[in-house]
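# Observations on the three-dimensional arrangement
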Amino acid sequence: MSIRETRIKNKILDYLNSLPGCKAEKRHGSQYSEAGAPDINACYKGRSIQIEVKRPEKKPTPIQLKRLREWQEAGAVVGWVTDLEDVKRMLEELE
């Protein structure tokens, strides 16, 4: 993971955790976590939100897209984003 991607994630986490009714955390990959799990796990006003963060020139891998689909099929709001503005648009669609 690049420094730039880490900065994007940190900005998103800071923003989400500043919102009333929102809790967000970075998902850390390990031998115990599922391959391709989204980077950010959040709950906003009772809705599960799963976010994959990528640098602007990158796209999610097939396994990452599969995991996002699985979360979506379970009722979560999902998306892959390249900046904080993408996240803000996701939340606007919830309103």
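Structural data are supplied above this passage.
Conventions adopted
Residues numbered from 1 in each chain as written. Predicted model: local features only at pLDDT ≥ 70, side-chain atom pairs only at ≥ 80, totals over all residues. Heavy atoms only, no water. Core = buried A, V, L, I, M, F, W, Y, C linked by side-chain atoms within 4.5 Å. Buried < 20%, exposed > 50% of the residue type's maximum accessible area, 1.4 Å probe, protein only. Helix = DSSP H or I, 4+ residues; strand = E, 2+ residues; numbered from the N terminus. Contact = heavy atoms within 4.5 Å. Expected span 1.5 Å × (residues − 1). Arc of directions from axis to C-beta. Pairing = 2+ DSSP bridges. Axes fitted to C-alpha atoms, helices over the stretch in contact; angles between N-to-C directions.

### What about the nonpolar core?
Counting residues in hydrophobic clusters, the biggest one holds 19 residues, and the most contacted among them are Ile12, Leu16, Ile40, Ile49 and Ile51. The set of elements that each furnish at least two residues to this core consists of helix 1 (3-18), strand 1 (22-26), strand 2 (40-44), strand 3 (47-53), strand 4 (77-81) and helix 3 (84-94). Discounting chain neighbours no more than four positions away, the residues touching isoleucine 49 are Ile40, Asn41, Ala42, Tyr44, Val77, Met90, Leu91 and Leu94.

### So, helix 1
Over its 16 residues, helix 1 runs 23 Å from end to end, which matches the ideal 22 Å to within 8%, given 1.5 Å per residue. Listed in full, the buried residues belonging to helix 1 are Glu5, Ile8, Lys9, Ile12, Leu13 and Leu16. End-on, the buried residues of helix 1 take up no more than an arc of 130°, which puts them together on one face. Summarising the geometry of helix 1, the exposed residues directed more than 90 degrees from the buried face are Ile3, Arg7, Lys11, Asp14 and Ser18. Here the buried face of helix 1 lies against strand 1, strand 2, strand 3, strand 4 and helix 3.

### A word on the sheet that holds strand 3
Overall, mixed pairing links the four strands, which are arranged 1-2-3-4 in an open sheet. With one partner strand each, in any of the chains shown, strand 1 and strand 4 form the two edges of the open sheet. Neighbour-to-neighbour, the strand axes of the sheet open up by a mean angle of 20°, direction not taken into account. With five bridges connecting them, strand 3 and strand 4 associate as parallel partners.

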